[in-house]
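So you can see what is in the structure, the chains are spelled out below.
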Amino acid sequence: RSRANASPQLERNISRFTEFLTLVGLAALLVGGVGVANAVKSHLDRRRDVIATFKALGATGRDVFTIYLTQVVLLATVGSVIGLTVGAALPFIISAAFGKVLPLPLEATLQPDELALSFVYGLLTALAFGLWPLARVHDVPVAALFRDTVSGHTRWPRRRYLLLIAIVIAALVSVAVGLAYDKRVAAIFIAASILVFVLLRGVAALLMATARRLPRPRMTMLRLALANIHRPGALTPSVVMSLGLGLAVLVTITQIDGNLRRQFMATLPDHSPSFFFMDIPSNDADRFGAFLQTQIPEAHIERVPMLRGRIMAARGIKAEDMKATPDSQWVLQSDRGLTYTSEVPRGSKVVAGQWWAPDYDGPPLVSLEKRVADGLGLKIGDPIVVNVLGRDIAATIANLRVIDWQSLGINFVLVFSPNAFRGAPHTHLATLSEDKPSAANDAALIKSVADAFPMVTSVRVRDAIQTVGAVVNNLVLAMRGATSITLIAAILVLGGALAAGHRHRVYDAVILKTLGATRGRLMGAYALEYMMIGIATAVFGVVAGSVAAWLIVTRLMTLTFVWQAGSAAAVVLVALAV
């Protein structure tokens, strides 16, 4: 009826998808902020002579800062309004052009609250990433402005500007974390981004120091490329920061995307039951199985005894006092299905302890699902009390199992030894699987079961499975769209970072051509320079992004992580091509 009461596995996957959207939004915000910083720095570089003229005519550092801060705010406002207009119109355009073929229903409406929030994000991002290059022009003397391009001296802004930058960044972080669907995911992502910023500064410094200390090669193009990497005013820090951050974010998002899609698609079993039959009386269980076999001879039928009970205590601790993890609390909240058997159930694998012998007749034993046991803090040998039909049954945990829930076969969190419920009244649960199901056969089977066994409840699950499959496929499609948005934003920022240094490259090329350099040598030197910077940065970006994705997938989303080599290679090739 809704995702709140769907199957636990589907509900967890939808929650993971919303966590992924949180990461995508923050990634786009972060990458866009780097683009703003590059744009402001490039703008100030182009206005260097104007700034020097202002100061020569008596303008103070505060005047210069105020002038260009006003420009940045106005440009950010105009850009945000353009973005809001395009963003608000896109749902209407998509609905009108592709509404009939979209896998999800789309009713386009204007969302004033979201538009206002987006506008706030735009201004805060522009200020948070643009204030640093703006603040640096306050205390630069006129003479230094003219030779700042070749000066290696790094200036820090005044304290009041640092305080202003800190306040704006704190406001942006508060809004991003406070309004995120999963605040923990947002906080961890922001902390990891700060760490990546610091590491990238180290990577740029190490790359420049290495280029400076390498012996001077005889090859002219290589010597020029190495000099460009470490010279005063080199583009290495900005390129490493933009390319490294963009790659790290893209690798993180694509790795999470690949692992989530793998998880989502794994939730769709290749072969699943068509029917569940519940409340089969014990004395009619064999006759019911034979009846189903005569109705559909080629079908596979599985039948197990079933009772219902509630966990009352474990390790001497009452259920209401146990500190269970969020993923295992559901086991304690109500009655659970139970069964008994002398053999390991199909779809289960014993991973700890030993299964009891077929003729076991000692004190009651129980087998517990491993993830639930870990969530409840239980281990082999611990006692557990389950109330069944008003009677408390005490048993000892004999082994732990891993269950393949995604097969949609019959399985239970708690499986007891056969002697635990000797003489207790109970019913049976059965499934029926067909190789070639049909709607006509389904209707006939439901009618025949109702006539022959009116007390048995027939549940047709094929339609539900198909519906779940459609939801999962739509989630996968939405994930690809969200990932594509981040990819496009990162590519634009990477291109902007390289374009920001175009003026310097033209100036260098003119000087070098005057000294006799050919076009081929210049192109070769620039290609070698970007190739060396790109390879070093790509290695860091892939490693940092993969580690971040691994932590998020395994620690936050509680999934197994498989490194997606193809996705990482594609991201690196796209970034290097830009």
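For the structure, see preceding data.
Parameters at a glance
- Residues numbered from 1 in each chain as written.
- Predicted model: local features only at pLDDT ≥ 70, side-chain atom pairs only at ≥ 80, totals over all residues.
- Heavy atoms only, no water.
- Helix = DSSP H or I, 4+ residues; strand = E, 2+ residues; numbered from the N terminus.
- Buried < 20%, exposed > 50% of the residue type's maximum accessible area, 1.4 Å probe, protein only.
- Contact = heavy atoms within 4.5 Å.
- Polar contact = N/O pair within 3.5 Å; in protein donor to acceptor, adjacent residues only side chain to side chain.
- Patch = residues over 30% accessible without salt bridge, like charges linked within 9 Å, V, L, I, M, F, W, Y side chains within 5 Å.
- Areas by Shrake-Rupley, 256 points an atom, 1.4 Å probe, with all protein chains shown as cover.
- Salt bridge = Lys/Arg side-chain N within 4 Å of Asp/Glu carboxyl O.
- Core = buried A, V, L, I, M, F, W, Y, C linked by side-chain atoms within 4.5 Å.
- Phe/Tyr/Trp six-rings, centres within 6.5 Å; stacked < 30°, edge-to-face > 60°.
- Lys NZ or Arg CZ within 6 Å of the ring centre and 35° of its normal.
- Expected span 1.5 Å × (residues − 1).
- Pairing = 2+ DSSP bridges.
- Lys, Arg positive; Asp, Glu negative; His and termini not counted.
- Bend = angle between axes of the 7 residues up to and from the residue.
- Axes fitted to C-alpha atoms, helices over the stretch in contact; angles between N-to-C directions.
- Parallel < 35°, antiparallel > 145°, perpendicular 65-115°, else oblique.
- Left-handed = near helix turned anticlockwise from the far one by under 90°.
- Nonpolar A, V, L, I, M, F, W, Y, C, P; charged D, E, K, R; others polar.

A. Representation of the overall build of the protein chain in the model. When helices and strands are tallied, the protein chain shows 16 helices and eleven strands. The buried share among the 578 residues of the protein chain stands at 42%. Pairs at least 24 apart in sequence give 80% of the contacts found in the protein chain among residues at least 6 apart.

B. Spatial organisation of the side chain of His428. Looking at the element boundaries, His428 is found in strand 10 (residues 427-433). Its relative accessible area of 11% is what places His428 among the buried residues. Of the polar contacts made by the side chain of His428, one reaches the side chain of Arg303; its length is 3.5 Å. With near-sequence residues (within four places) excluded, His428 lies in contact with Phe277, Met278, Asp279, Ile280, Ser282, Ala285, Arg303, Val304, Pro305 and Met306.

C. Inspection of a nonpolar patch on the surface at higher detail. On the surface, Val78, Ile82, Val86, Leu90, Ile93, Ile94, Phe98 and Leu106 cluster together to form a nonpolar patch covering roughly 700 Å² of accessible area. Considering the arrangement of structural elements, one finds Leu90 in helix 3 (residues 61-98). For Leu90, a relative accessible area of 40% translates into the label partly exposed.

D. Quick look at the nonpolar core. Counting residues in each nonpolar core, the largest one holds 78 residues, and the members touching the most others are Phe20, Leu23, Ile256 and Met557. The contact partners of Ile256, leaving out residues within four places of it in the chain, are Phe20, Leu23, Ala549, Ile552, Val553 and Met557.

E. Quick look at the packing of aromatic side chains. Counted according to the given criterion, the structure contains seven aromatic pairs. On the numbers, 5.4 Å between centres and 70° between planes, the contact of Phe277 with Phe288 is edge-to-face. In this pair, Phe277 is assigned in strand 1 (residues 275-281) and Phe288 in helix 10 (residues 285-295), connecting sequence segments eleven residues apart. Given a relative accessible area of 0%, Phe277 falls into the buried group. Relative accessible area serves as the criterion here: at 1%, Phe288 is assigned to the buried category. Seen from their ring centres, Phe288 and Phe453 are 5.1 Å apart, and the 80° between their planes marks the pair as edge-to-face. A residue pair is termed long-range when its members are at least 10 positions apart, and Phe288 in helix 10 and Phe453 in the loop between helix 12 (439-452) and strand 11 (457-460) qualify at 165 residues. Across the pair, Phe453 and Phe288 agree in class, each one buried. What links up through ring pairs into an aromatic cluster is the set Phe275, Phe277, Phe288, Phe291 and Phe453. The ring of Tyr161 carries the charged tip of Arg160 above its face, separated from the ring centre by 5.3 Å.

F. Spotlight on helix 15 (residues 519-556). Between its first and last C-alpha atoms helix 15 spans 52 Å; for 38 residues at 1.5 Å apiece the expected length is 56 Å, and the two agree. Remark: Thr558 follows helix 15 within two positions and exhibits a positive phi of approximately 50°.

G. Spotlight on the pairing of strand 10. Burial of strand 10 is extensive: five of the seven residues sit out of reach of the surface. Pairing geometry for strand 1 and strand 10, over five bridges, is antiparallel. Bridging across to strand 10, Phe275 finds its partner in Leu432. Where strand 2 (residues 300-314) meets strand 10, seven bridges bridge the pair, whose relative direction is antiparallel.

H. Layout of unusual backbone geometry. One non-glycine residue, Asp279, adopts positive backbone phi at about 60°. Take Asp279: it is sitting in strand 1.

I. Spotlight on the side chain of Arg336. With respect to the helices and strands, Arg336 occurs in strand 4 (residues 336-340). Buried and unpaired, Arg336 has Asp335 as its nearest opposite-charge partner, separated by 7.8 Å. For Arg336, the contacting residues outside a window of four places in its chain are Leu307, Arg308, Gly309, Trp330 and Val331.

J. Summary view of helix 4 (residues 112-135). End to end, helix 4 covers 34 Å across 24 residues, agreeing with the expected 34 Å (1.5 Å per residue, within 8%). The largest bend in helix 4 amounts to roughly 35° and is located at Phe129, with the proline Pro133 lying one to four residues further along. Listing the buried residues of helix 4 in full gives Tyr121, Leu124, Thr125, Ala126, Ala128, Phe129, Gly130, Leu131, Pro133, Leu134 and Ala135.

K. Seen up close, the packing of helix 7 (residues 183-213) against helix 8 (residues 220-230). Relative orientation of the contacting elements helix 7 and helix 8 amounts to 140°, with a least axis distance of 8 Å. Between helix 7 and helix 8, the angle is such that the two are oblique. Here helix 7 and helix 8 pass one another in a crossing that is left-handed. Of the residues in helix 8, those touching helix 7 at Leu207, Met208, Ala211 and Arg212 are Leu226, Ile229 and His230. For the contact of helix 7 with helix 8, the class distribution of residues is five nonpolar, one polar and one charged.

Take it as geometry only, folks, not as evidence of what the structure does.
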